[in-house]
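# Reading the structure
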Amino acid sequence: MCTKMVQVLWGCCLLWNLYISSAQTTYPGIKARATQRALDYGVQAGVLMIEQMVKERNIPDLKGSESLEFLKVDYVNYNFTNIKINAFSFPNASLAFVPGVGIKALTNHGTANISTNWEVKSPLFQDTGGADLFLSGVYFTGILILARNDFGQPTLKLQDCYAQVSHAHVSFTGELSVLYNSFAEPMEKPILKNLNEMLCPIITGEVEALNANLSMLEVLTKIDNYTLLDYSLMSSPEITENYIDLNLKGVFYPLENLTDPPFSPVPFMLPERSDSMFYIGISEYFFKSASFAHFTAGAFDITLSTKEISSHLVRHSQGVGSVLSRIAEIYILSQPFMVRIMATEPPVISLLPGNFTLDIPASIVILTQSENSTAETIVSMDFVASTSVSLVILGQRLICSLSLNRFRLSLPESNRSNIEVLRFENILSFILHFGVLPLANAKLQQGFPLPNPHNISFVNSDIEVLEHFILISTDLKYETPLKQQPSFYGWEGLNLISGQWRGKSVP
């Protein structure tokens, strides 16, 4: 009997722990997925990025002093200036997912052509000229490890770096070029040896510079004067053989209160697709938190004057200019009035397959507007406006727009007759259609920023409304920046002959 009781108690404790664990699980509001197609395009974009960087990169002069034992020369002071990478090629470059680890980069059979002006001084001679350095058989492999820091920002580091250049050929130009080229081959070996020793430190420095930029990413984005959007990573990226998934918090906060909303996100799964480069799943929780945050911050409280309503009616409609006079006729008013519309609860979001709706519980108050007295309420009514939400991607933003489906007006019959209720329904319909919704859609035109890599735009995008989330399927396009900020590591500290590299970054 005692044994059975212990087993029952143990089972209850286990179930309770599982319940507590599941209750504490936090699910993302946004999921982003990059597929193998994105990596394949990343190889092309990477070459474009390197080309842009090379064009704008000012490689510092190389200065130093070396002894040339094979020429029996004690020292040669050299200065290489105007160093330029004229051409390069990585014909066999690839990126591939390593499940649970990172992204493997591989290139072989690469080539590069570098030109420079040079000046040498020694006890025996002094001369200037030009030189070309041709590198071939360039091989590199390494694994990029993606993770998350304590602030929810992505981190990047290079692991298992191996780089080698198989061949280097130096060709001199100048008055004594024939002489210099005759002993160019002995110089190529130390250049090649020390260049190979320096490649991984240089590449690692570039990755560390990129990681430093990632650490400065703002994960809290101000959307408007009412809210902030939290884009922080909730966990390290999940990497499979076919894709990488990023789980983002995707929640809105009122500007002055970074407290999570009083409801929790529910799990959702991105469909197993690979036709597009990039997929973004935006959950119902994302939109619900936006609704709650804006409501809490007082964003859904609009007051329109007679002049503003008339302006919108005239601008957006024909034949409804008599609405104001109809209101005056009902209440026998001669003075101007104001209309205040405010949400009484956070608008209700619903995402069902092919259908995105927003129901707004609100009240409308019509007040007199007199210069010599306080405003007096003419009538106050509650209503629920049901709207459909249309979605479109412009640039890197998700733009929403509302269209009115219907509304339900609540007015006590003891105060107004059914005829007056019908009149107010017509009046409210005009105000919502041609006054409030145009204002709301104008505000919504600024949209929500979508998570996307730097200088990458979305093309061939498609939006689907699924159950409890929307799915964005898109390809990517690299946009060449107008100006590239230099972050080149260590060229001024790189001595190709002696192998001394001080690892300083270019300011």
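Coordinates for the structure precede this section.
A brief look at the structure comes next. Here the structure is a predicted model, which means the values were calculated and not measured. Sequence order sets the numbering: in each chain, residues are counted from 1 along the sequence as written. Since the coordinates come from a predicted model, pLDDT governs what is reported: local features require at least 70, and pairs of side-chain atoms require 80 or more to be given and counted, while whole-chain, interface and lining totals use all residues. Computation of side-chain values covers all heavy atoms of the structure but excludes hydrogens and water.

### Some points on the overall build of the protein chain
Every helix listed is a DSSP run of H or I at least four residues long, and every strand listed is a run of E at least two residues long, numbered separately from the N terminus. Across its full length, the protein chain holds eight helices and 22 strands. Only protein chains enter the area calculation, which uses a 1.4 Å probe; residues under 20% of their type maximum are buried, those over 50% are exposed, and those in between are partly exposed. Taken across its 507 residues, the protein chain has 42% of its residues classed as buried. Only heavy atoms matter for contacts: two residues are in contact if any of them lie within 4.5 Å across the pair. Across the protein chain, the fraction of contacts at a sequence separation of at least 24, relative to all contacts at a separation of at least 6, is 66%. Using a 1.4 Å probe, accessible areas were evaluated by the Shrake-Rupley method; residue-level cover was limited to the displayed protein chains. Carbon and sulfur atoms form 55% of the exposed surface of the protein chain, whose accessible area is close to 27400 Å².

### Comments concerning unusual backbone geometry
Unlike most non-glycine residues, His109 shows phi in positive territory, near 60°. Taking relative accessible area as the criterion, His109 reaches 56% and is therefore assigned exposed. Phi is positive for His468, which is not a glycine, with a value near 75°. Structurally, the position occupied by His468 is in the loop between β21 (456–466) and β22 (469–478).

### Remarks on the sheet that holds strand β1 (residues 30–35)
Strands are labelled as partners when DSSP assigns at least two bridges between them. The antiparallel open sheet is built from six strands, whose spatial order is β10-β11-β1-β13-β22-β21. Strand pairing shows two members of the sheet lacking a second neighbour, β10 (238–239) and β21, which therefore form its edges. Two elements, strand β13 (residues 278–283) and β22, share six bridges in a ladder whose sense is antiparallel. When the bridges of β22 are listed, Ile282 appears paired with Ile470. Strands β1, β13 and β22 of the sheet are contacted by helix α5 (residues 284–296), whose axis makes an angle of about 50° with β13. An axis is simply a line fitted to the C-alpha atoms; with a helix, the fit covers only the stretch in contact. Between two such axes, the angle follows the N-to-C directions and lies from 0 to 180 degrees.

### Let's talk about the sheet that holds strand β8 (residues 220–222)
The strand order across the open sheet formed by three strands is β8-β9-β12, and the pairing between neighbours is antiparallel. The open sheet has two edge strands with one neighbour each: β8 and β12 (251–254). With strand direction ignored, the average angle separating the axes of adjacent strands in the sheet is 30°. With three bridges connecting them, β8 and strand β9 (residues 227–230) associate as antiparallel partners. Note on β9: the bridge partner recorded for Leu220 is Asp230.

### With respect to the nonpolar core
Remark: nonpolar core denotes a set of buried residues (Ala, Val, Leu, Ile, Met, Phe, Trp, Tyr, Cys) joined through side-chain atoms within 4.5 Å. Counting residues in hydrophobic clusters, the biggest one holds 65 residues, and the most contacted among them are Ile282, Phe287, Phe383, Leu398 and Leu432. The greatest single-element share of this core, amounting to eight residues, is contributed by strand β18 (residues 377–394). Every residue in contact with Leu432, bar those within four places of it in the chain, is listed here: Ile341, Phe383, Ala385, Leu404, Phe407, Leu437 and Pro438. Core analysis: the second largest hydrophobic core is formed by 33 residues, Ala131, Leu158, Leu195 and Val207 among them.

### A few points about the state of the cysteines
The rule for a disulfide is simple: a pair of cysteine sulfur atoms within 2.5 Å. Under the criterion given, the structure shown has one disulfide. Across the disulfide from Cys161 sits Cys200; the S-S distance is 2.1 Å. When the S-S torsion is -95°, as for the bridge of Cys161 with Cys200, the disulfide is left-handed. Residue Cys161 is found in strand β7 (residues 154–173), and its partner Cys200 is found in helix α4 (residues 184–214); the two are separated by 39 residues along the sequence. For Cys161, a relative accessible area of 24% puts it in the partly exposed group.

### Looking at the side chain of Lys31
The residue Lys31 is located in strand β1 in this model. Charge assignment: positive for Lys and Arg, negative for Asp and Glu; neither His nor the chain ends contribute. A side-chain nitrogen of Lys or Arg and a carboxyl oxygen of Asp or Glu constitute a salt bridge if their distance falls within 4 Å. There is no salt bridge for the buried Lys31, and the closest opposite charge comes from Asp245, which lies 5.1 Å off by N-O distance. Looking at Lys31, its side chain comes within polar contact range of the side chain of Asn247, at 3.1 Å. If near-sequence neighbours (up to four positions away) are discounted, Lys31 is found in contact with Leu246, Asn247, Phe268, Leu270, Tyr279, Ile280 and Gly281. In protein, a polar contact means a hydrogen-donor-capable atom and an acceptor-capable atom, both N or O and within 3.5 Å, with residues adjacent in sequence counting only if both atoms are side-chain atoms; elsewhere, any N or O pair within 3.5 Å suffices.

### Digging into the pattern of salt bridges
Overall, the coordinates contain eight salt bridges when judged by the stated rule. A salt bridge links Glu119 to Lys121, with the shortest nitrogen-to-oxygen separation between them at 4.0 Å. A residue is classified by how much of its surface remains accessible, and Glu119, at 28% relative accessible area, is partly exposed. Where Lys193 meets Glu197, a salt bridge forms, and the shortest distance between an N and an O atom there is 2.9 Å. You can see Lys193 and its partner Glu197 sitting in helix α4, four residues apart, about one turn around the helix.

### Considering the layout of surface pockets
Any residue with an atom within 4 Å of a point lines the site, the site being either a cavity, points on a 1 Å grid over the protein atoms alone where a 1.4 Å probe fits but cannot get out, or a pocket, an open set with protein on both sides within 12 Å along at least 5 of 7 lines. Grid points are joined across faces, edges and corners, and a volume is the space filled by probe spheres set on the points. Its boundaries defined by the atoms lining it, the second largest pocket holds a volume of some 1000 Å³. In this structure, the second largest pocket is lined by 39 residues; those nearest its centre are Ala299, Phe300, Ala440, Lys443 and Leu444. For the lining of the second largest pocket, the secondary structure elements donating two or more residues are α5, β14 (301–305), β15 (337–343), β17 (355–368), β18, β19 (397–410) and α8 (418–444). Ranked by the residues each element gives to the lining of the second largest pocket, the list is headed by α8, at seven residues. Three residue categories are used. Nonpolar comprises Ala, Val, Leu, Ile, Met, Phe, Trp, Tyr, Cys and Pro, charged comprises Asp, Glu, Lys and Arg, and polar comprises the others, including Gly. When the residues that make up the lining of the second largest pocket are grouped by side-chain class, the tally is 30 nonpolar, six polar and three charged.

### With respect to the packing of aromatic side chains
Ring geometry is summarised as follows: Phe, Tyr and Trp rings, the Trp one being its six-membered ring, pair when their centres sit within 6.5 Å, and such pairs are stacked at plane angles under 30 degrees, edge-to-face over 60 and tilted between the two. What the rule picks out here adds up to twelve aromatic pairs. Seen from their ring centres, Phe263 and Tyr285 are 5.9 Å apart, and the 80° between their planes marks the pair as edge-to-face. In this pair, Phe263 sits in the loop between β12 and β13 while Tyr285 sits in helix α5, placing the two residues 22 residues apart along the sequence. Judged by relative accessible area, which is 26%, Phe263 ranks as partly exposed. Taken together, the aromatic side chains of Phe252, Phe286, Phe287, Phe356 and Phe448 make up a single cluster linked through ring pairs. Here the guanidinium or amino end of Arg33 rests over the ring plane of Tyr243, the centre of that ring lying 3.7 Å away. We call a charge positioned over a ring when the NZ of a Lys or the CZ of an Arg lies within 6 Å of the ring centre and within 35 degrees of the ring normal.

By themselves, these observations are geometric and do not establish any function.
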